[in-house]
Amino acid sequence: KGTRLDISNAAGEVKIVTWDRDAVRVEADHSDRQTVDVRAGEQRLIVRGSSRNGGMRSIDYTISVPKWMSITVTGNYTDVDMQGVGGDVNVETTRGDINVSGGAGFISLKSVQGSISLTNAQGRMDLMNVNDNIHVADVSGDLTAGTTNGAISLERIDSSNVDAYTVNDNISYDGPIRDKGVYRLTSHNGGISLGVPDRTNATLSVRTYQGGFRSTFPVKVEDQNSRRRFSLTLG
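Residues numbered from 1 in each chain as written. Predicted model: local features only at pLDDT ≥ 70, side-chain atom pairs only at ≥ 80, totals over all residues. Heavy atoms only, no water.

Undergrad: Residue-level account of the overall build of the protein, with values.
TA: Looking only at helices and strands, the protein has zero helices and 21 strands in total. Once the C-alpha set of the protein is aligned to its principal axes, its extents read approximately 70 × 35 × 25 Å. For the protein, buried positions account for 35% of its 235 residues. A separation of at least 24 residues holds for 28% of the contacts in the protein among residues at least 6 apart in sequence. Approximately 12,800 Å² of the protein is accessible, and the part contributed by carbon and sulfur atoms is 43%. Charge centroids of the protein, computed over 26 positive and 28 negative side chains, lie 4 Å from each other. (Helix = DSSP H or I, 4+ residues; strand = E, 2+ residues; numbered from the N terminus. Buried < 20%, exposed > 50% of the residue type's maximum accessible area, 1.4 Å probe, protein only. Contact = heavy atoms within 4.5 Å. Areas by Shrake-Rupley, 256 points an atom, 1.4 Å probe, with all protein chains shown as cover. Lys, Arg positive; Asp, Glu negative; His and termini not counted. Charge placed at Lys NZ, Arg CZ, Asp CG, Glu CD.)

Undergrad: Tell me about the layout of surface pockets, and please be specific about residues and values.
TA: Within this model, the largest pocket holds a volume of roughly 1,500 Å³. If you go around the largest pocket, you meet 41 residues; those closest to its centre are L185, I192, S205, V206 and R207. Of all elements in the fold, only strand 17 (182-187), strand 18 (192-194), strand 19 (202-207) and strand 21 (229-234) reach the threshold of two or more residues within the lining of the largest pocket. Of the residues in the lining of the largest pocket, the class split is 16 nonpolar, 19 polar and six charged. (1 Å grid on protein atoms, 1.4 Å probe; cavity = no way out; pocket = protein on both sides within 12 Å on 5 of 7 lines; lining within 4 Å. Points joined across faces, edges and corners; volume = space filled by probe spheres on them. Nonpolar A, V, L, I, M, F, W, Y, C, P; charged D, E, K, R; others polar.)

Undergrad: Explain the environment of G86 to me, using residue names and the numbers behind them.
TA: Tracing the sequence through the fold places G86 in the loop between strand 6 (70-85) and strand 7 (89-95). The sequence separation of G86 and A104 amounts to 18 residues, and the corresponding C-alpha distance is 5.4 Å. Dropping the residues within four chain positions of it, G86 is found in contact with K67, G103 and A104.

Undergrad: Any details on the side chain of D81? Residues and values, ideally.
TA: Tracing the backbone through its elements, the reader meets D81 in strand 6. Among buried charged residues, D81 stands out as having no salt bridge; its nearest opposite-charge side chain is K15, 5.5 Å away. Apart from the residues lying within four places of it in its own chain, the contact partners of D81 are V14, K15, I16 and N99. (Salt bridge = Lys/Arg side-chain N within 4 Å of Asp/Glu carboxyl O.)

Undergrad: Describe the packing of aromatic side chains, with residues and values.
TA: For the structure shown, the criterion picks out two aromatic pairs. Seen from their ring centres, F213 and F230 are 5.1 Å apart, and the 75° between their planes marks the pair as edge-to-face. Here F213, found in the loop between strand 19 and strand 20 (221-222), pairs with F230, found in strand 21; they are 17 residues apart in sequence, far enough to count as distant. (Phe/Tyr/Trp six-rings, centres within 6.5 Å; stacked < 30°, edge-to-face > 60°.)

Undergrad: Account for a negative patch on the surface, with residues named and values stated.
TA: Together, E13, D29, D60, D79 and D97 make up a region of like negative charge exposed at the surface. Inspection of the secondary structure assignment puts D29 in strand 2 (residues 25-29). (Patch = residues over 30% accessible without salt bridge, like charges linked within 9 Å, V, L, I, M, F, W, Y side chains within 5 Å.)

Undergrad: Describe in detail the side chain of Q34, supporting the description with residues and values.
TA: As for its placement among the helices and strands, Q34 is situated in strand 3 (residues 34-41). Classification of Q34 by relative accessible area gives buried; the value is 2%. A distance of 3.1 Å separates the side chain of Q34 from the side chain of S31, its partner in a polar contact. (Polar contact = N/O pair within 3.5 Å; in protein donor to acceptor, adjacent residues only side chain to side chain.)

Undergrad: Summarise the pattern of salt bridges; cite the residues concerned and give the values.
TA: Counted by the stated rule, this structure contains eight salt bridges. For D6, the salt bridge identified is with R48, shortest N-O distance 3.5 Å. Of this pair, D6 sits in strand 1 (residues 4-19) while R48 sits in strand 4 (residues 44-51); the two residues are 42 residues apart in sequence, bridging distant segments of the chain. A salt bridge links R156 to E155, with the shortest nitrogen-to-oxygen separation between them at 3.8 Å. Looking at R156, the relative accessible area reads 44%, which means it is partly exposed. Put simply, D6, R44 and R48 are held in one network by salt bridges that share partners.

Undergrad: Summarise the environment of E155; cite the residues concerned and give the values.
TA: Locating E155 in the fold gives a position in strand 14 (residues 152-158). Between the C-alpha atom of E155 and that of R228, which follows or precedes it by 73 residues, the distance is 28 Å. If sequence neighbours within four positions are ignored, E155 has contacts with H135, V136, A137, D138 and D174.

Undergrad: Which residues make up the nonpolar core, and what values do they have?
TA: Among the nonpolar cores identified, the biggest contains 40 residues, and L5, I16, M82, L109 and L127 are the most heavily contacted of them. Among the elements that take part in this core, strand 6 stands out by supplying five residues, more than any other. (Core = buried A, V, L, I, M, F, W, Y, C linked by side-chain atoms within 4.5 Å.)

Below, the structure is given as structure tokens:
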């Protein structure tokens, strides 16, 4: 216990599943020219692929881990799927989708060209993308989610600290608005949709340059000025 799993895969798929044993099973699908090196270091289990001719081809992994294990996955053309994990999660890929169910503690998911999905997690979550969407559901804890050319969908979020931003798409947020919580939703060229539960106590600050504001329930706008910046109080 306490050992961290560290996987590096240049191309292919990394699938992580959990089981009830304090052991790790590595299954890999690869060509005859490649080998997989599984090496135990101090508090770290390292999985790497190598090739006899120097050029890396695709390797598809299915790895069974104990639920408590913290996991790091890095790759270039790598899709990552994790189900039921319960420790820290760190995934960074250049071109590939990331799908994680579970995770606790610190969760960092980063992709340049690929979608990101995180569900059933708790802790501090940092999700970064460039050219695709981010979807988060049924999580609790501090959440930061940012993308350049993609939408951000946040569903059933239990958090007192949320920072979501995109440049060229929409943001939707659904979850409790906690007293003394801070929620920042920013889009340069997209709409922002915020679900406000009944009996919410909050001060809402709104700023828009080329857009408008509307509410499906009556609100009293305060401090409105010519720069389309205003605030309103709920509760």
